[in-house]
Amino acid sequence: NLTLEVIGKRGDGYHEVRSVMQAVRLCDELTFTTAHGLSFSSNLSSWHPENSLISRAARLLAAETGYTGGADIYLEKRIPLSSGLGGDSSGGAAALLGLDKLWQLNLPRDRMYGLAASLGSDVPFFLAGGTALAQGRGEQISALPSPGRLWLIIMVAPVAVPEKKTAALYGRLRLEDYSDGGRTSALTQLLGAGSPVADKNLFNVFENTALNIFP
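This write-up is about the structure you can find in this document. (Residues numbered from 1 in each chain as written. Predicted model: local features only at pLDDT ≥ 70, side-chain atom pairs only at ≥ 80, totals over all residues. Heavy atoms only, no water.)

### A word on the pattern of salt bridges
Quick reminder of the rule: Salt bridge criterion: a side-chain nitrogen from Lys or Arg within 4 Å of a carboxyl oxygen from Asp or Glu. Burial here depends on accessible area, computed with a 1.4 Å probe over protein chains only, as a share of the maximum for the residue type. Under 20% is buried, over 50% is exposed, and the range in between is partly exposed.
The final tally for this structure, using the stated rule, is seven salt bridges. As a salt-bridge pair, Arg10 and Asp12 come within 2.6 Å of each other at their nearest N and O atoms. On the basis of relative accessibility, which here comes to 45%, the residue Asp12 falls in the partly exposed class. Of the charged contacts, one joins Asp177 and Arg174 as a salt bridge, the two residues approaching to 3.5 Å between their closest N and O atoms. The exposure class assigned to Arg174 is partly exposed, which follows from its relative accessible area of 44%.

### Remarks on the sheet that holds strand 6 (residues 131–135)
Keep this limit in mind: Here, any two strands with at least 2 DSSP bridges between them count as paired. The way it works is that DSSP assigns letters per residue, a run of H or I at least four long becomes a helix, a run of E at least two long becomes a strand, and they are numbered from the N terminus.
Spatially, five strands are ordered 7-6-2-1-8 in an open sheet, and the strand pairing comes out mixed. Each of the sheet's edge strands pairs with one partner strand only, and the pair in question is strand 7 (140–143) and strand 8 (203–204).

### So, the environment of Ser179
Quick reminder of the rule: Contact definition: two residues touch when any of their heavy atoms are within 4.5 Å.
Position of Ser179 among the secondary structure elements: in the loop between helix 5 (165–171) and helix 6 (182–193). Here Ser179 falls in the partly exposed class, since its relative accessible area comes to 24%. Spatially, the C-alpha atoms of Ser179 and Ser142 are 20 Å apart, while their sequence positions differ by 37 residues. When sequence neighbours within four positions are dropped, the list of residues in contact with Ser179 reads Glu5, Val6 and Ile7.

### Topic: the pairing of strand 6
In terms of residue burial, strand 6 counts as a mostly covered element, since four of its five residues are buried. Judged from the four bridges that link them, strand 2 (residues 15–22) and strand 6 form a sheet pairing that is antiparallel. Note that in strand 6 the partner of Ser19 across the bridge is Ala134. Here strand 6 pairs with strand 7 via four bridges, running antiparallel. Bridge pairing in strand 7 places Leu133 opposite Ser142. Hairpin remark: strand 6 followed by strand 7, antiparallel, with four residues in the connecting loop; positive phi at Gly136, about 70°.

### Notes on the sheet that holds strand 3 (residues 29–35)
Cut-off, in case you're wondering: Interaxial angle, 0 to 180 degrees, is taken between N-to-C directions of lines fitted to C-alpha atoms, where a helix line uses only the stretch in contact.
The strand order across the open sheet formed by three strands is 3-5-4, and the pairing between neighbours is mixed. Unpaired on one side and paired on the other, strand 3 and strand 4 (38–42) mark the two borders of the sheet. Each adjacent strand pair in this sheet contributes to an overall mean axis angle of 15°, direction not counted. Across five bridges, strand 4 lies against strand 5 (residues 70–76) in parallel orientation. Bridge assignment links Ser42 to a residue of strand 5, and that residue is Leu75. Of the strands in this sheet, strand 3 and strand 5 touch helix 2 (residues 87–102), which is tilted by about 35° from strand 3.

### Focus: the environment of Ile213
With respect to the helices, strands and loops of the structure, Ile213 is situated in helix 7 (residues 206–213). Not counting chain neighbours up to four residues away, the residues in contact with Ile213 comprise Ala168, Leu169 and Arg172.

### Describing the packing of helix 1 (residues 53–65) against helix 2
Formally: By the definition used in this description, the sense in which the near helix is turned from the far one sets the handedness, with an anticlockwise turn below a right angle giving left-handed and a clockwise turn giving right-handed. Residues are grouped as follows: Ala, Val, Leu, Ile, Met, Phe, Trp, Tyr, Cys and Pro are nonpolar; Asp, Glu, Lys and Arg are charged; all remaining types, including Gly, are polar.
Where helix 1 meets helix 2, the axes come as close as 8 Å, and the angle between the chain directions of the two elements is 35°. Crossing geometry of helix 1 relative to helix 2 is assigned as right-handed. Here Leu53, Ile54, Ala57, Ala58 and Leu61 of helix 1 lie close against helix 2, whose contacting residues are Asp88, Ser89, Gly91, Gly92, Ala95, Leu96, Leu99 and Asp100. By residue class, the composition of the contact of helix 1 with helix 2 is eight nonpolar, three polar and two charged.

All we've got here are geometric facts, nothing functional implied.
Following this line, the structure appears as structure tokens:
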């Protein structure tokens, strides 16, 4: 998230957000092989498929399309678990894309996005990647121009992260943490004009909240 703002809480229990999202080169790798049933494996012993959006995406796609075949899915895990870097969400999106191709389903774009949104708010973004504006609960995606050459340092802090990290962070937000989406709009305009992006243009509402939870 180059920006992430929370506008307020919605009637459905989710939060309304505005965010500029950016794909980076750090990624996991999924390999799909035709099989009679569904099986999942990984190079990382601490990865459990039953807790992953990859297995949920595979079963959802089969159920929604009536596909009766299967696949062996192998995950080469490079993104640290529970690091907030979209590893599980991107895995869910990759599973939808990979199995759609392997099973020759050729689902239309809008149906793929609908399935992705039902898996999680961040999953639709990873169907296309690149740079995008995310709105709604995060599932409404609009492509944006790339910021061009932009260097970032990605660090994973050595802290114990609770299983329901996202819920814990949202639960700690205060009314004064909500905003009108202005920072995201400003960055969107910069990108549209092809102007350079500086660190002053970046923002994440959870920075102070995270520091309080993980001092």
